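# Architecture at a glance
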Amino acid sequence: MVRVRPARPDDAAAVARIYVETWRSVYAGVVPDRVLTQMSHVRQSLAWRREIGMRGGRRILVADLRDAGVVGFVGVGPNRYGPAPFDGEIHTLYVADDFQGHGIGRALLEAGLAILREKGFSAAVVWVLSANPARYFYEAMGGRRVAERNEPLWGTVLKETAYGWPDLVRRLENGVDNARDP
């Protein structure tokens with residue numbers, strides 16, 4: 001059974017491993033290879049340790065399995081880049097490859113949206129690669145397409161799609177499966 005909990009600094013190495021592995025698989029062929037090969041578990045671990053230890057801003061939650069440890073994470077906080085009126089954002093949601101399709105992402109997203117609601121955010125958005133098959137996960141979780149953008153990154157342009165939940169209060173009161181707009 002998965003347990004979603006606030007990340008602790010000692011989770012940084014596991015978060016970094018999942019982050020680097022996900023970037024290497026999802027962004028292969030999208031961003032220059034030199035960027036992906038330069039990603040270091042050690043450097044990312046230090047960065048995530050700082051991020052997890054910070055107060056305010058983004059909040060990091062991890063999915064912890066008793067026999068496997070940390071197998072996924074989600075970062076939530078204020079919406080940084082739009083679109084309006086989405087005031088909250090799922091900044092990142094990653095699940096280790098071996099644990100895809102086991103409800104880990106669902107548990108993380110539900111917990112992340114609940115945290116945003118608790119913190120007073122009324123609506124949430126997440127940006128994903130438009131060509132990423134995982135985008136259908138967000139639709140299955142009640143998100144709807146709300147925007148598209150071309151995001152420059154390391155000498156390339158990423159085509160991204162935003163999925164949004166326009167009413168966190170109604171969504172969470174009605175439950176995930178009943179959250180879609182009629």
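Refer to the structure printed above.
Notes on the structure in this doc start here. (Residues numbered from 1 in each chain as written. Predicted model: local features only at pLDDT ≥ 70, side-chain atom pairs only at ≥ 80, totals over all residues. Heavy atoms only, no water.)

## Considerations on the overall build of the chain
- What the chain contains, in helices and strands, is six helices and seven strands.
- Secondary structure elements of the chain occur, N-terminal to C-terminal, as β-α-α-α-β-β-β-α-β-α-β-β-α.
- The C-alpha radius of gyration of the chain comes to 16 Å, within 12% of the 16 Å expected for a compact globule of 182 residues.
- Within the chain, the proportion of its 182 residues that are buried is 46%.
- Taking contacts inside the chain between residues at least 6 apart in sequence as the whole, the part at least 24 apart equals 61%.
- Split by element, the accessible area of the chain, about 9,700 Å² in all, is 51% carbon and sulfur.
- Side chains of the chain carry 25 positive and 21 negative charges; the gap between the two charge centres is 3 Å. (Helix = DSSP H or I, 4+ residues; strand = E, 2+ residues; numbered from the N terminus. Rg over C-alpha atoms; globule rule 2.2 N^0.38 Å. Buried < 20%, exposed > 50% of the residue type's maximum accessible area, 1.4 Å probe, protein only. Contact = heavy atoms within 4.5 Å. Areas by Shrake-Rupley, 256 points an atom, 1.4 Å probe, with all protein chains shown as cover. Lys, Arg positive; Asp, Glu negative; His and termini not counted. Charge placed at Lys NZ, Arg CZ, Asp CG, Glu CD.)

## A word on the environment of Arg66
- Within the element layout of this structure, Arg66 appears in the loop between strand E2 (59-65) and strand E3 (69-78).
- Counting along the chain gives 65 residues from Arg66 to Met1, while the straight-line C-alpha distance between them is 7.5 Å.

## Let's talk about the pairing of strand E6 (residues 144-153)
- For E6 and strand E7 (residues 156-165), the ladder comprises nine bridges, and the chain directions are antiparallel. Note on E7: the bridge partner recorded for Leu153 is Thr156.
- Here E6 folds back onto E7, and the loop between the two strands holds two residues, one of which, Trp154, carries a positive phi near 50°. (Pairing = 2+ DSSP bridges.)

## A word on the packing of aromatic side chains
- All chains considered together, the criterion is met by eight aromatic pairs.
- Ring centres of Phe73 and Tyr94 lie 5.5 Å apart, and the angle between their planes is 80°; this geometry places the pair in the edge-to-face category. Pair noted here: Phe73 is in strand E3 and Tyr94 is in strand E4 (residues 88-95), with a separation of 21 residues, a long-range link.
- Here Tyr94 falls in the buried class, since its relative accessible area comes to 14%.
- Aromatic pair Phe137 and Tyr138: ring centres 5.1 Å apart, planes at 75°, arrangement edge-to-face.
- Among the residues examined, Tyr138 registers a relative accessible area of 6% and is labelled buried.
- The ring of Trp127 has Arg149 sitting right over it, with the charged end atom 3.8 Å from the ring centre. (Phe/Tyr/Trp six-rings, centres within 6.5 Å; stacked < 30°, edge-to-face > 60°. Lys NZ or Arg CZ within 6 Å of the ring centre and 35° of its normal.)

## Quick notes on the side chain of Thr92
- Assignment of secondary structure puts Thr92 in strand E4.
- You can call Thr92 buried: its relative accessible area is 9%.
- Discounting residues that sit within four places of it in the chain, Thr92 has contacts with Trp48, Arg58, Phe73, Val74 and Gly75.

## Brief notes about the layout of surface pockets
- When its volume is computed, the largest pocket comes out at roughly 1,000 Å³.
- Looking at the largest pocket, it is lined by 42 residues, and the ones nearest its centre are Tyr27, Thr92, Leu93, Tyr94 and Trp127.
- Going through the elements one at a time, helix H1 (12-26), E4, helix H4 (104-118), strand E5 (124-129), helix H5 (135-140), E6 and E7 are the ones with two or more residues in the lining of the largest pocket.
- Sort the elements by how many residues they give to the lining of the largest pocket and E4 lands first, with six residues.
- Along the lines of polarity and charge, the residues of the lining of the largest pocket split into 23 nonpolar, ten polar and nine charged. (1 Å grid on protein atoms, 1.4 Å probe; cavity = no way out; pocket = protein on both sides within 12 Å on 5 of 7 lines; lining within 4 Å. Points joined across faces, edges and corners; volume = space filled by probe spheres on them. Nonpolar A, V, L, I, M, F, W, Y, C, P; charged D, E, K, R; others polar.)

## Topic: unusual backbone geometry
- The omega angle of the peptide bond from Gly82 to Pro83 is 5°, so this bond is cis rather than trans.
- Its location among the elements puts Pro83 in the loop between E3 and E4.
- Along the chain, Ala84 connects to Pro85 via a cis peptide bond; the corresponding omega equals 5°.

These values are about where atoms sit, not about what they do.
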